[in-house]
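Here is what each chain is made of, one letter per residue.
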Amino acid sequence: MALIIPSDYTDFLDVLETQIAIKKLKDHFQTALSKELNLIRVSSPLFVLPETGMNDNLNGVEKAVNFNVPFLGKDAEIVQSLAKWKRMALKKYGIEAGRGLYTDMNAIRKDEELDNLHSLYVDQWDWELVINKEERNTETLDKVVKKIYSVFKDTEKFAVSMYPQIKAILPEEIYFVTSQELLDMYPDLTPKEREYKLVKEKGAIFLSKIGKVLSNGEKHDGRSPDYDDWELNGDIIFYNPVLDDAIELSSMGIRVDEESLDKQLTIAGCDDRREMDYHKMLLNGELPYTIGGGIGQSRICMYYLRKAHIGEVQVGIWPEDMVEKCNAAGIKLL
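These figures come from a predicted structure and were not determined experimentally.

Rules of the game
Residues numbered from 1 in each chain as written. Predicted model: local features only at pLDDT ≥ 70, side-chain atom pairs only at ≥ 80, totals over all residues. Heavy atoms only, no water. Helix = DSSP H or I, 4+ residues; strand = E, 2+ residues; numbered from the N terminus. Contact = heavy atoms within 4.5 Å. Polar contact = N/O pair within 3.5 Å; in protein donor to acceptor, adjacent residues only side chain to side chain. UniProt positions renumbered as here; feature names shortened; annotations may be inferred. Axes fitted to C-alpha atoms, helices over the stretch in contact; angles between N-to-C directions. Parallel < 35°, antiparallel > 145°, perpendicular 65-115°, else oblique. Left-handed = near helix turned anticlockwise from the far one by under 90°. Pairing = 2+ DSSP bridges.

(A) Seen up close, the environment of L13. With respect to the helices, strands and loops of the structure, L13 is situated in the segment before helix 1 (15–37). Along the sequence, L13 and A168 sit 155 residues apart, while their C-alpha atoms lie 17 Å from each other. Not counting the four nearest positions on each side in its chain, L13 is found in contact with T18, A21, Y163, L305, K307 and K332.

Set out below in structure tokens:
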């Protein structure tokens, strides 16, 4: 996605008011999320050792930022997400089915292509909920998605109550669609064009079954083979009226069990990971069965406050020409 400059963009909050609004929105959302999903807040790592296998490989091509730890004589990696660490934490803390945890995840993704939605810095709530093995199904996934969507709806009401300039636009219900169904609807469009076409019509969608190869021989999008089950995952995507575009606010899913991990590692050509500590524990059935995901903190603030650029709600480093274009359009990057 290239930089989008909306025509006649008007920001109804100045920089200081924006900072105050960010704090209020984040506090409200995480409180509602923890109550709806029965989550407790925990501390989490900023970096991990790569040989543990606990870092998130995302699409399999992004390189984690690393640094040398002198007393160990080896490198550590800045986390790219906490999808795997959370599952280990649930086991360590002895959290039973029906309860879970969430945490603030901060990451650096140095290879990101910068635009209105993407920066070098990622801040999200990473959450994980323990389930029973028999709950590893579409019904469980859909039920949790609906609960999370109710938190989005509740936060929208909160935002409108604070700032009447914001108009409520989320539909009553989120629309469920699989990646194959979306391809069948719009076979001549690219994956991102398909998302845009449907989400502009529906307002909010949950796009599921991401990572597997579709009938056209391609994937809708990449997913690491060792955290989400490709049959039981998906993205929550809203229509963004400011940019006239789709905005993904959450990636989530039921996590792999022994069988799906074994299958997906082979499909992805990642059998070498079987020797890592995390993967050995999973294949041996030593970790709890879970559903989890990440929800972008800056992105929800950008969405609710009707901002045109993620740099209006988080401090970052941007290309000089991007800064100049944004300044000319009244987009105030922090």
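After that view, the rundown keeps rolling.
(B) Main features of the side chain of T52. Of note, T52 is situated in the loop between strand 2 (47–48) and strand 3 (66–69). In this structure the side chain of T52 is engaged in a polar contact, spanning 2.7 Å, whose partner is the backbone oxygen of L49. Residue contacts for T52: discarding those within four places in its chain leaves M276, D277 and Y278.

(C) Quick peek at unusual backbone geometry. In this model, N38 sits at a positive phi of 60°, which is unusual for a non-glycine residue. In this fold, N38 is placed in the loop between helix 1 and strand 1 (39–41). The phi torsion at R306 lies on the positive side, around 55°, for a residue other than glycine. Take R306: it is sitting in the loop between helix 8 (297–304) and helix 9 (320–328).

(D) Spatial organisation of the UniProt feature "domain: Aminoacyl-transfer RNA synthetases class-II family profile" (unreviewed entry) in the chain. According to UniProt, the feature "domain: Aminoacyl-transfer RNA synthetases class-II family profile" (unreviewed entry) maps to residues 101–319 in the numbering used here. Taken end to end, residues 101–319 is 32% helix and 26% strand, and its two terminal C-alpha atoms sit 37 Å from one another.

(E) Quick look at the packing of helix 1 against helix 3 (residues 138–162). Two numbers describe how helix 1 lies on helix 3: the axes approach to 9 Å, and their chain directions differ by 150°. Between helix 1 and helix 3, the angle is such that the two are roughly antiparallel. Our pair here, helix 1 against helix 3, has a crossing hand that is right-handed. On the side of helix 1, the interface is formed by K24, L25, H28, F29, A32, L33, E36 and L37, while helix 3 contributes V144, K147, I148, S150, V151, F152, D154, T155, F158, A159 and M162.

(F) Geometry of the pairing of strand 5 (residues 100–108). Looking at chain direction, strand 1 and strand 5 are connected through 3 bridges and run parallel. The residue of strand 5 that forms the bridge with R41 is Y102. Across 9 bridges, the pairing between strand 5 and strand 6 (residues 121–130) is antiparallel. Each bridged residue has a counterpart across the sheet, and for L101 the counterpart in strand 6 is E128.

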